[in-house]
Every structure is written in structure tokens, then in C-alpha cells.
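Overview (structure and organization)
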Amino acid sequence: MDLFADDSALMPIPIEDGELWFQQRLALDLTPAEAMQRLLDETDWREEQIQVWGKLHMQPRLSAWHGDARYRYSGKLFHPLPFTPLQLHIKQAVEQATGRQFNSLLLNYYRDERDRMGFHADNEPTLGLNPAIASVSFGSPRTFILKHRTLPKTVKLALGDGCLLLMAGSLQHHWLHGINKERAPRGPRINLTFRNILREP
Ligand SMILES: O=C(O)CCC(=O)C(=O)O
Ligand SMILES: [Fe+2]
């Protein structure tokens, strides 16, 4: 009998004002290291510009959009590329683990400890009222931080190689999330967020 917690089951993480689910290892036909290498090689990584308070900045990470629907994000309209066979395989595994359907994928590549993602909510109107967002991570672990919008509460999760995180319920209404830069050296990390877009902008 396995006396250790099952790392291949989606487990709820207790959190107020929303739903959070975590699985240590998403079951795939390839190892996380193989998935990481193929995503690095097969993705057309872009350094995007974003507007913050009317000023243009380079995003402190590389990214790519894939899927079936156009998507507005940080004030920009994206025309995604079609899903690749590997992305479709990961999407199927995520849909089986979560029981949710997704038609859009944002890939983010954090090249080292300096790359990061500012605090935000994935609450674009096209995602619907209480969106389910499934996040799969490969490579170097990074700390995923959730900050409550009105209460002095912070939740930190280590997102390691091959894990799955599901944000759902009213979480995007009440919490912001982000990835800070690290002081200590970190290797590359790729994060995939699967979303379901209800209508095109
Ligand atoms: O890299 C992560 O774990 C977070 C990604 C994220 O929040 C997003 O793509 O909206
Ligand atoms: Fe996000």
C-alpha cells in the first residue's frame, strides 16, 4: 500500500472566496523533461510589448498563444496559432484530470530567475463569470503567489516540474496572482495556462 499522498490525483487546496485544486504530477505520455524540451524547441516564443499606464514595456518573459479563439489580454488582441499535437495531448490530459474543457492556451517561458509575471486576475469578460483556468508547469520550480484583493491574506504554492493547478469558482474576483523574480539563480520554466473563451472580442 502506498502510504504517501497520491501525487496523481487532483486535490482541493482550502481557500476562501474561490476554488483552487492541485495535482503534483499530471499523467502524460512523456516525461516532464521531454515535454519541457519539446515545448522549448517547438514554440515560436515572442517577446511581447505590453502597455502599463499608457507606456510600452517589454514583457519580462517570452510567450505564445495557441488555440481556436482570438483573445484580448493586457489591452492587446492576439491571433493564436493552432494547437500543436503535443499541446493537444497535454490539453486532453488536463481536461481528463479537471473535468473541464478548454479552447485556448497561453504559454509563458521564464528564462531565468529574473523573468516574472506581475499580479493580475484572469478576469477578461470573454472568459465568462467564474472562469476555470488550468495551469501546467515544467522545468525549474517557481513560487505562485495569490494575494486577496481586500483581506490581508497571501497564499504561496511551489509549482514544480509537471504539476497541474486549477483556479476556479469566484477566485478571479477576489484574488490576484503572480510570479515574482527570485534572488537565487533559477533554470528555465515553462507554464501553460489553458482557458475557455466564450466569445471572440
Ligand atoms: O506562470 C504561472 O504559473 C502563472 C501564469 C499566469 O498567471 C497566466 O498565464 O495568466
Ligand atoms: Fe494568470
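On a predicted model such as this, the values are computed, not experimentally measured, just so you know.

What counts, and at which threshold
- Residues numbered from 1 in each chain as written.
- Chains lettered and ligands numbered in written order.
- Predicted model: local features only at pLDDT ≥ 70, side-chain atom pairs only at ≥ 80, totals over all residues.
- Heavy atoms only, no water.
- Helix = DSSP H or I, 4+ residues; strand = E, 2+ residues; numbered from the N terminus.
- Contact = heavy atoms within 4.5 Å.
- Near = heavy atom within 4 Å.
- Polar contact = N/O pair within 3.5 Å; in protein donor to acceptor, adjacent residues only side chain to side chain.
- Areas by Shrake-Rupley, 256 points an atom, 1.4 Å probe, with all protein chains shown as cover.
- 1 Å grid on protein atoms, 1.4 Å probe; cavity = no way out; pocket = protein on both sides within 12 Å on 5 of 7 lines; lining within 4 Å.
- Sits in = over half its atoms within 2 Å of the grid points.
- Nonpolar A, V, L, I, M, F, W, Y, C, P; charged D, E, K, R; others polar.
- Donors = N, O, S within 2.8 Å, 3.2 Å for Na, K, Ca; no water.
- Buried < 20%, exposed > 50% of the residue type's maximum accessible area, 1.4 Å probe, protein only.
- Core = buried A, V, L, I, M, F, W, Y, C linked by side-chain atoms within 4.5 Å.

Among the secondary structure elements, Pro-141 is positioned in the loop between strand E10 (133-139) and strand E11 (142-148). Taking C-alpha positions, Pro-141 is 5.4 Å from Leu-159, a pair spaced 18 residues apart along the chain. When neighbours within four sequence positions are excluded, Pro-141 is seen to be in contact with Leu-159, Gly-160 and Arg-186.

Next up on the list: the site of ligand 1. Neighbouring ligand 1 are 15 residues; Tyr-110, His-120, His-177, Arg-189 and Arg-195 lie closest to it. Separating an oxygen atom of ligand 1 from a side-chain N or O atom of Arg-195 is a distance of 2.8 Å. If ligand 1 stood free it would expose 290 Å²; the protein chains cover 100% of that surface. In this structure the site holding ligand 1 corresponds to the largest cavity. Listed by contribution, the elements that provide at least two residues to the shell around ligand 1 are strand E8 (104-110), strand E9 (117-120), strand E14 (175-179) and strand E15 (189-195). Among the elements that make up the shell around ligand 1, the one with the highest residue count is E15 (four residues). Of the residues assigned to the shell around ligand 1, the class counts are seven nonpolar, five polar and three charged.

Below, the discussion takes up the coordination of the iron ion (ligand 2). The protein atoms donating to the iron ion (ligand 2) are His-120 (NE2), Asp-122 (OD) and His-177 (NE2), with metal-donor distances spanning 2.1 to 2.2 Å. All donors of the iron ion (ligand 2) come from a single chain, and their spacing in sequence reads H-x1-D-x54-H. Given a relative accessible area of 15%, His-120 falls into the buried group. On the accessibility criterion, Asp-122 (1% relative accessible area) is buried.

One finds Ile-90, Val-94, Val-136, Phe-138, Leu-192 and Phe-194 to be the most contacted residues of the largest nonpolar core, which totals 29 residues. Among the elements of the structure, helix H1 (32-42), strand E5 (62-67), helix H2 (85-98), E8, E10, strand E13 (164-168) and E15 are those that each provide at least two residues to this core. With four residues, the top contributor of residues to this core is H2. Beyond its immediate sequence surroundings of up to four residues, Leu-192 is in contact with Leu-39, Ile-90, Leu-105, Leu-106, Leu-107, Ala-134, Ser-135, Val-136 and Phe-138. Leu-127, Leu-157, Met-167 and Leu-171 belong to the second-largest nonpolar core, a separate cluster that totals 24 residues.

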